[in-house]
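Residue strings, one per chain:
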Amino acid sequence: MALVMGVDSSTQSCKVVVLDDAGRIVREGRSPHPDGTEVDPEAWWMALRAAIADAGGLGDVDAWAIGGQQHGMVVLDADGRVVRPALLWNDTRSGGAAADLVAELGADALAERTGLVPVASFTITKLRWLRDHEPDNAARVAAVALPHDWLTWRLRGFGPAGESARGPVLEELVTDRSDASGTGYWSPASGEYDRKLLRAALGHDAVLPRVLGPAESVADADGRRVGPGAGDNAGAALGVGAGPGDVIVSIGTSGTVFAVSEKRTVDPTGTVAGFADADGHFLPIVVTLNAARVLDVVARLLGTDHAGLSDLALAAASGAGGLRLEPYFEGERTPNLPDATASLFGMTLASTTRENLARAAVEGMLGGLGAGLAALRDLGVPLERALLIGGAAQSEAVRRIAPEVFGMPVEVPAPGEYVALGAARQAARVLPA
C-alpha cells in the first residue's frame, strides 16, 4: 500500500495528513506557529518536523508535497541562511512600497505583466520595503523564496552551510505556478519570472525557485518523490475537488474568494489578482485581511463564544437594524487600505443591541467577500457553484446569512484540512509508476 503525505503550513499552524492509495486519511499531525506578522522561518521548520512526528513520521511515506501561506518573504544569503525574519502576507508595512511600485511602473502594465497590481500583501512590495528600509540586509540577499518553497527545500535535505545533509544549494529551490503567481514578479501568461520587476523591487537579481508544472516532481534525500506544492488557496481548490465554474469562499485568518477558470484574468484596478492554480488552469482571487478574526473580536467584546455569537446574530433581523460594521481591524487588502481601522456606523438607541452587533459583524465580514464575488462576475469569470470552507464556515449564522449576502446558493462541504488534502493528492500524482 502506497502512502502519501500532504502538508498545510498556514499562518497559524502546520497540519499534516497521510493518505493511503484509496485517498483515505490514515494519520494526522499538527503543531502551532507563533503569532505575529514577522516570523523567523526556523519556527515553521520546527513546527513542520513536530507535525510530521505527530503524524507518525516519514518512514513509510512514498511521496509528499507542501502547501502553505502565500506571499511571505523568505530571503536567504549565499550560505543558505535566512537574512532576517520573514514578513508574512498580512504584514502591511510595505503599503508605501506598493504605492511606489505602482507609481513607477503603472497599474495597467503591472496587471498585464503579472496578473496583479501590487498591494502590501505581495512579495514584490516586501522586497522593495527591504531595499528601502534595510539596505544592508537587502544587499545580502542571494535568493528569495516563499514559505512553502523554503520548507520543501529544507525537508528535501538542503539548508544552511554546515547544518544540512545536502548543503546550501540555492538552485535546488522549487515552487509551483500558484505560489509563483502571488509574488508580483512572475507571469501567468508566459510562465516566466519578470526579472526586471524583481530588480525594481530588490535592487539586484537573485536566485528564484524553479517553477515546476502540476505533474512535475523532484526527490528528497531518501529518494522519495516530492510534488511541487501549492499556495494555500490553490491547494484548497485541489483538496475540495474544484473545477472550472466553481467559486470557493474560504473564511479563515484571511478571507478569500477564488474561482477555477480556464481563462486568465487581468484587472488593472487590482481588486482581482490573476493567479495561476496548481492544476494547469487559473485562479482569479480576491483576498480580504479581515475574516474569521472579525468574529473573534466581536465575540470577545460581547462576552461570548462563537456559538453564542451565532445565536445572537440569528436573533437579529437582516440589516442589523441599520447597524453596519466596516471590519478593517487590520487594515485591508481589498480594498487596498493598509492603514484603515474598523468603524461601526448606524448606532442609535434602538439599533445598538448585542444581537444587532453580532449580526453586523457577520454581515460586515461576509460583505467584503460578497464584493469579491461581484468583482469576479464583472470580469466574466463563470460562477456556477459556491463552496464555503474554512473555520468560520462552521458557524450556523455564517452558513445561513452567506446566501443572502452573496446572492447565490452556497454549499458547505464537510470540514476538512483541504490545503493538506490538496497537497497529498498532488503527491499522489507524482508517485512512481
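The following refers to the structure shown. (Residues numbered from 1 in each chain as written. Predicted model: local features only at pLDDT ≥ 70, side-chain atom pairs only at ≥ 80, totals over all residues. Heavy atoms only, no water.)

Further remarks concern the overall build of the chain. Check the secondary structure of the chain and you find 14 helices and 21 strands. Expressed along its principal axes, the backbone C-alpha trace of the chain runs to roughly 65 × 55 × 40 Å. Classification of the 433 residues of the chain by burial places 58% in the buried group. For the chain, the computed accessible surface area is about 15,700 Å², with 50% contributed by carbon and sulfur atoms. Measuring between centres, the 37 positive side-chain charges of the chain sit 1 Å from its 54 negative side-chain charges. (Helix = DSSP H or I, 4+ residues; strand = E, 2+ residues; numbered from the N terminus. Buried < 20%, exposed > 50% of the residue type's maximum accessible area, 1.4 Å probe, protein only. Areas by Shrake-Rupley, 256 points an atom, 1.4 Å probe, with all protein chains shown as cover. Lys, Arg positive; Asp, Glu negative; His and termini not counted. Charge placed at Lys NZ, Arg CZ, Asp CG, Glu CD.)

Another point: unusual backbone geometry. Across the junction of Thr334 and Pro335, the peptide omega takes the value 5 degrees, indicating a cis bond. Structurally, Pro335 can be placed in the loop between strand S18 (324-326) and strand S19 (343-345). One non-glycine residue, His71, adopts positive backbone phi at about 75 degrees.

The periodicity of an α-helix, 3.6 residues per turn, causes residues three or four places apart in sequence to face the same way. With 25 residues, helix H12 (residues 354-378) should cover 36 Å at 1.5 Å per step; its first-to-last C-alpha distance of 36 Å lies within 8% of that length. Along H12, the helix axis deviates most sharply at Gly367, where the bend reaches about 25 degrees. Backbone geometry just after H12 places Gly380 at a positive phi near 80 degrees. (Expected span 1.5 Å × (residues − 1). Bend = angle between axes of the 7 residues up to and from the residue.)

Okay, the packing of aromatic side chains next. In total, this model carries three aromatic pairs according to the counting rule given. Plain terms: the ring middles of Tyr185 and Tyr193 are 6.3 Å apart, the flat faces sit at 35 degrees to each other, and that makes the pair tilted. Its guanidinium or amino end placed over the ring of Phe282, Arg177 lies 5.6 Å from that ring's centre, counting from NZ or CZ. (Phe/Tyr/Trp six-rings, centres within 6.5 Å; stacked < 30°, edge-to-face > 60°. Lys NZ or Arg CZ within 6 Å of the ring centre and 35° of its normal.)

Below, the discussion takes up the environment of His133. With respect to the helices, strands and loops of the structure, His133 is situated in helix H4 (residues 123-133). Of the residues examined, His133 reaches a relative accessible area of 53% and is grouped as exposed. Along the backbone, His133 and Ala259 are 126 residues apart, and their C-alpha atoms lie at a distance of 36 Å.

As a further point, take the nonpolar core. Counting 59 residues, the largest nonpolar core has Val75, Leu127, Leu130, Val144, Tyr185, Leu202 and Ile248 as its most contacted members. If you tally residues by element for this core, the top one is helix H14 (residues 418-429), at seven residues. When residues no more than four places from it in sequence are discounted, the contact partners of Val75 are Arg81, Val82, Val83, Arg84, Leu127, Leu130, Val141, Ala143 and Val144. Ranked by size, the runner-up nonpolar core spans 44 residues in total, among them Ile251, Val286, Leu325 and Leu373. (Core = buried A, V, L, I, M, F, W, Y, C linked by side-chain atoms within 4.5 Å. Contact = heavy atoms within 4.5 Å.)

This paragraph deals with the sheet that holds strand S15 (residues 255-259). Across the sheet, which stays open at both edges, the six strands sit in the order S16-S17-S15-S14-S20-S21 with mixed pairing between neighbours. Looking at the sheet topology across the chains shown, the edges are occupied by strand S16 (273-276) and strand S21 (410-411). Both S16 and strand S17 (residues 282-288) contribute to a ladder of four bridges, which runs antiparallel. Along S17, the bridge assignment pairs Ala273 with Ile285. (Pairing = 2+ DSSP bridges.)

Secondary-structure assignment places Asp220 in the loop between strand S11 (218-219) and strand S12 (225-226). Judged by its relative accessible area of 4%, Asp220 is buried. Among the polar contacts made by the side chain of Asp220, one reaches the side chain of Trp64 at a distance of 3.0 Å. Engagement of the side chain of Asp220 in a polar contact is seen with the backbone nitrogen of Gly223, the distance being 3.0 Å. Not counting chain neighbours up to four residues away, the residues in contact with Asp220 comprise Trp64, Leu155, Arg156, Arg166 and Val226. (Polar contact = N/O pair within 3.5 Å; in protein donor to acceptor, adjacent residues only side chain to side chain.)

With that out of the way, let us pick up the pairing of strand S5 (residues 63-68). Every other side chain in a regular strand lies on the same face of the sheet, so the side chains alternate between the two faces. The element S5 is extensively covered by neighbouring structure, given that six of its six residues are classed as buried. By the alternation rule, side chains of S5 split into Ala63, Ala65 and Gly67 and Trp64, Ile66 and Gly68, which are all buried. Bridge count between strand S1 (residues 4-9) and S5: six bridges; the pairing is parallel. Within the sheet, the bridge partner assigned to Gly6 lies in S5 and is Ala65. Direction of pairing for S5 relative to S12: parallel, over a ladder of two bridges. Across the sheet, Ala63 pairs through a bridge with Arg225, a residue of S12.

All right, on to the pairing of strand S2 (residues 13-19) then. Of all seven residues making up S2, seven are buried, and the element is well covered by its neighbours. Both S1 and S2 contribute to a ladder of six bridges, which runs antiparallel. For Met5, the partnering residue across the bridge sits in S2 and is Val18. What sits between S1 and S2 in their antiparallel hairpin is a turn of three residues. Bridge analysis of S2 against strand S3 (residues 25-32) gives seven bridges, and the strand direction is antiparallel. Each bridged residue has a counterpart across the sheet, and for Lys15 the counterpart in S3 is Arg30.

Inspection of every chain in the model, using the stated rule, returns 28 salt bridges. Notably, a salt bridge pairs Arg84 with Glu38, separated by 2.8 Å at the nearest N-O pair. Of this pair, Arg84 sits in the loop between strand S6 (74-76) and strand S7 (86-87) while Glu38 sits in strand S4 (residues 38-39), and the two are 46 residues apart along the sequence. When its relative accessible area of 8% is taken as the criterion, Arg84 is described as buried. A salt bridge links Asp194 to Arg113; its shortest N-O distance comes to 2.8 Å. In this pair, Asp194 sits in the loop between helix H7 (177-180) and helix H8 (195-202) while Arg113 sits in helix H3 (residues 107-114), placing the two residues 81 residues apart along the sequence. Residue Asp194 is classed as buried on the basis of its relative accessible area of 15%. (Salt bridge = Lys/Arg side-chain N within 4 Å of Asp/Glu carboxyl O.)

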